[in-house]
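If you want the building blocks of each chain, they are given just below.
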Amino acid sequence: MSRRLYTGLRIATMEPGGPPYGLVEDGAIAVEAGRIAWLGPRTALPADRADAPAEDFAGRLATPALIDCHTHIVFGGDRAREFEMRLQGASYAAIARAGGGIVSTVVATRALDEDGLVAAALPRLDAMIAEGVATVEIKSGYGLTVDDELAMLRAARRLGRERPVRVKTSYLAAHALPPEYRERPDAYIDAVVLPGLEAAHREGLVDAVDGFCETIAFSPAEIDRVFAHARALGLPVKLHAEQLSNLGGAALAASYGALSADHLEYLDEAGVAAMAAAGSVAVLLPGAFYTLRETQCPPVAALRAAGVPMAVATDCNPGSSPLASPLLALNMAATLFRLTPEEALAGATREAARALGLAQETGTLAPGKRAEIAVWDVAEPAALAYRIGFNPLHRRIAEGLA
Ligand code: DI6
Ligand code: FE
């Protein structure tokens, strides 16, 4: 990879501990072999960096490329009809009885082969890349058989080969009980979740193990069985926790040193303390909060006071969050959850990298980090959370991912 020099940038490095957003005015970034070799005020540019082929961005804002650290973009079909039914007042139970809900997506997903799964996911991934995303986390969880979960994860890995983007996968067979195992969670865990995890891990398809800990999904004891297996395989964990009620899922995840606990609308002080002690990231998903018309916000003030890192993601999925816009997720995190614009942007860069175990690689702009940079047609970093439905991306630079 070549040497490059980017100048004329207002650089929001997102490095903590310095000025807001880690801002560098009239900055320059020197890139070598896909890594940031030097970054700082152009007036301080070392002479040996000045001879690289240069590009001037005339004062535009540069941030780390965005990271969507919680998505379900691989799935078949859609749930638009269900959306209509819900707006006509149908309950989730009535929708489920009519074959709707997660099960309808499972049926549509099982009907697709790997090519079909990739083709179905690409428009959603392209929408994220168009908003400056360079890293995306993709979960399984709509196959719910060993073969179909493997097909989803193979499709996720292929998306990282078919587009200039880094894909991190999460195994989420513990997402929902398929009809063939109705009311038999332990039998499903024995026959599908654990053998599927072994097979997926053997094939190198799993970067983390996830679960849905909820009254309508899996209990803490059932999640504990899955996480114990993940630990035995040396795999990190993350968890959909306290989304609709408080089952102590976040504390359970923290007891495994989880990378993150996600949703967290019903997180309590004990859960906050457990996450703070474990260093787990709170991944906030305002798209699901908005779509479900939830009224209970995650305890952002308590998370902030306890120093729990907060990430923001789309949770792009066909049911609770049909949202493929990380920029709109930033706006929702600020407007609905009262994150500051700086916290929201950190949530889709620095803290999202932390939630994926990539904090040493990317998520801020600093020497040694990957040269994954988003350049925007705005001057103020707050504009990225402020604007709604009006994408200001000028250029996405991600040499190592091309
Ligand atoms: N929480 C959610 O909101 C989604 N999954 C989860 O664990 C719902 C997924 C769907 O409705 O398809
Ligand atoms: Fe989710």
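Residues numbered from 1 in each chain as written. Chains lettered and ligands numbered in written order. Predicted model: local features only at pLDDT ≥ 70, side-chain atom pairs only at ≥ 80, totals over all residues. Heavy atoms only, no water.

(A) Just the coordination of the iron ion (ligand 2), in detail. Protein coordination of the iron ion (ligand 2) is provided by H70 (NE2), H72 (NE2), H240 (NE2) and D315 (OD), with donor distances spanning 2.1 to 2.3 Å. Every donor counted, the four donor atoms about the iron ion (ligand 2) form angles of 82 to 166 degrees at the centre, which fits irregular coordination. In primary sequence terms, the donor set of the iron ion (ligand 2) follows H-x1-H-x167-H-x74-D. Taken together, the residues H72 in the loop between strand 5 (66-68) and helix 1 (80-87) and D315 in the loop between strand 12 (310-312) and helix 12 (326-337) connect sequence positions 243 residues apart. With a relative accessible area of 2%, H72 lands in the buried category. Since its relative accessible area comes to 1%, D315 is described here as buried. (Donors = N, O, S within 2.8 Å, 3.2 Å for Na, K, Ca; no water. Tetrahedral: all angles 85-135°; square planar, octahedral: opposite > 155°, others 65-115°. Helix = DSSP H or I, 4+ residues; strand = E, 2+ residues; numbered from the N terminus. Buried < 20%, exposed > 50% of the residue type's maximum accessible area, 1.4 Å probe, protein only.)

(B) Quick look at unusual backbone geometry. Positive phi is not limited to glycine here, since L144 has a value of about 65 degrees. Its identity is not glycine, yet L264 carries a phi of approximately 70 degrees, on the positive side. Looking at the secondary structure, you find L264 in the loop between strand 10 (260-263) and helix 9 (269-278).

(C) Examining the sheet that holds strand 3 (residues 35-41) more closely. Here six strands make up an open sheet; going across it, the order is 3-2-1-4-13-14 and the pairing mixed. Strands at the two margins of the open sheet, each flanked by one partner only, are strand 3 and strand 14 (393-398). Direction aside, neighbouring strands of the sheet carry axes that sit 40 degrees apart on average. Relative to strand 3, strand 2 (residues 23-32) runs antiparallel, the two being bridged by six bridges. The partner of G27 across the bridge, within strand 3, is P41. (Pairing = 2+ DSSP bridges. Axes fitted to C-alpha atoms, helices over the stretch in contact; angles between N-to-C directions.)

(D) Examining the site of ligand 1 more closely. For ligand 1, the full set of nearby residues is R79, I102, Y142, H175, F212, H240, Q243, H263, N317, G319 and S320. Here an oxygen atom of ligand 1 sits 2.9 Å away from a polar atom, N or O, in the side chain of Q243. For ligand 1, an oxygen atom lies 2.6 Å from a polar atom in the side chain of S320. Relative to its unbound accessible area of 320 Å², ligand 1 is 93% covered by the protein chains. (Near = heavy atom within 4 Å. Polar contact = N/O pair within 3.5 Å; in protein donor to acceptor, adjacent residues only side chain to side chain. Areas by Shrake-Rupley, 256 points an atom, 1.4 Å probe, with all protein chains shown as cover.)

(E) Seen up close, helix 1. If you check which residues of helix 1 are buried, you get E82, M85 and R86. Angular distribution of buried residues about the axis of helix 1 spans 100 degrees; they occupy a single face of the element. On its buried face, helix 1 is in contact with helix 2 (92-97), helix 3 (102-110) and helix 10 (286-291). Remark: G89 follows helix 1 within two positions and exhibits a positive phi of approximately 100 degrees. (Arc of directions from axis to C-beta. Contact = heavy atoms within 4.5 Å.)

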